[in-house]
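# Geometric and topological summary
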Amino acid sequence: MSDNEGMMHAGDDDLSLPRATVQKIIQEMLPDGMVCAKDTVTLIIDCCVEFIHLISSQANDICEKESRKTIAPEHILAALKELGFDAYVEEVESVLKEHKVQQKEREKKSNKLNKSEFTEEELLRQQEALFAASRARFAASGGQPGAP
């Protein structure tokens, strides 16, 4: 266990989760017509923050034992298992795989611009030319959408 464990999370009073987001998640889970009291939302937020502290602290301990300086997803999965949250591991692994797929898609999109044979300035000039041609066609049609 780390030296800070057992100490209150000093200075963490300002750490929280976005209330509106948590409230939206709660509402999506509740049946129609049911509402959640403000105190309950606050309690849920506090529990979530404490859960995050617990998992990250355990993951940090695992990381330190491995002489690593960066907490990796494997450390989070191991922390969940060590703390008895085995039921969450499969879902977390699924979300991790989905996240990696999304990251690859983002990289592909950013690489598309980087691999273009045109510079960014040339692409902007082409875009402006297309906009100008479109405006000209629109003006020539008397401002009527869909006219030739």
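The paragraphs below set out a description of the structure included in this document. Owing to the predicted nature of the structure, the values given are computational and were not obtained by experimental measurement.

For the chain, the helix and strand inventory stands at five helices and zero strands. Order of helices (α) and strands (β) in the chain, N terminus to C terminus: α-α-α-α-α. Here the chain holds 148 residues, and 14% of them are scored as buried. Put simply, of all contacts in the chain between residues at least 6 apart along the chain, 37% involve residues at least 24 apart. Accessible surface, the chain as shown: approximately 12200 Å² in total, 57% of it carbon and sulfur.

Attention now moves to the packing of aromatic side chains. Considering all chains together, one arrives at three aromatic pairs under this definition. Ring geometry for phenylalanine 51 and tyrosine 88: centres 6.3 Å apart, planes at 55°, overall tilted. Note that phenylalanine 51 is positioned in helix 2 (residues 38-65) and tyrosine 88 in helix 4 (residues 86-114), a separation of 37 residues in sequence. Residue classification places phenylalanine 51 among the partly exposed residues on the basis of a relative accessible area of 33%. Residue classification places tyrosine 88 among the partly exposed residues on the basis of a relative accessible area of 48%. For the ring pair phenylalanine 85 and tyrosine 88, a centre distance of 5.9 Å and an interplane angle of 55° mean the geometry is tilted. When its relative accessible area of 22% is taken as the criterion, phenylalanine 85 is described as partly exposed. A network of ring pairs unites the aromatic residues Phe51, Phe85 and Tyr88 as a single cluster.

Within the largest apolar cluster, seven residues are counted, these being Ile55, Ala59, Ile62, Leu77, Ala79, Leu80 and Val89. Sorting the residues of this core by element identifies helix 2 and helix 3 (73-82) as the ones contributing at least two each. Counting residues in each nonpolar core, the second largest holds six residues, with Ile26, Cys36, Val41 and Val49 among its members.

Glancing now at the packing of helix 1 (residues 19-29) against helix 2. Direction vectors running N to C along helix 1 and helix 2 enclose 105°, while the axes themselves pass 10 Å from each other. By the angle class used here, helix 1 and helix 2 are roughly perpendicular. Listed contacts from helix 2 to Arg19, Val22, Gln23 and Ile26 of helix 1 are Lys38, Val41, Thr42, Ile44 and Ile45. A class-by-class count of the residues in the contact of helix 1 with helix 2 yields five nonpolar, two polar and two charged.

Of note, the phi angle at serine 67 is positive, near 55°, even though the residue is not glycine. Tracing the backbone shows serine 67 in the loop between helix 2 and helix 3.

What counts as what
- Residues numbered from 1 in each chain as written.
- Predicted model: local features only at pLDDT ≥ 70, side-chain atom pairs only at ≥ 80, totals over all residues.
- Heavy atoms only, no water.
- Helix = DSSP H or I, 4+ residues; strand = E, 2+ residues; numbered from the N terminus.
- Buried < 20%, exposed > 50% of the residue type's maximum accessible area, 1.4 Å probe, protein only.
- Contact = heavy atoms within 4.5 Å.
- Areas by Shrake-Rupley, 256 points an atom, 1.4 Å probe, with all protein chains shown as cover.
- Phe/Tyr/Trp six-rings, centres within 6.5 Å; stacked < 30°, edge-to-face > 60°.
- Core = buried A, V, L, I, M, F, W, Y, C linked by side-chain atoms within 4.5 Å.
- Axes fitted to C-alpha atoms, helices over the stretch in contact; angles between N-to-C directions.
- Parallel < 35°, antiparallel > 145°, perpendicular 65-115°, else oblique.
- Nonpolar A, V, L, I, M, F, W, Y, C, P; charged D, E, K, R; others polar.

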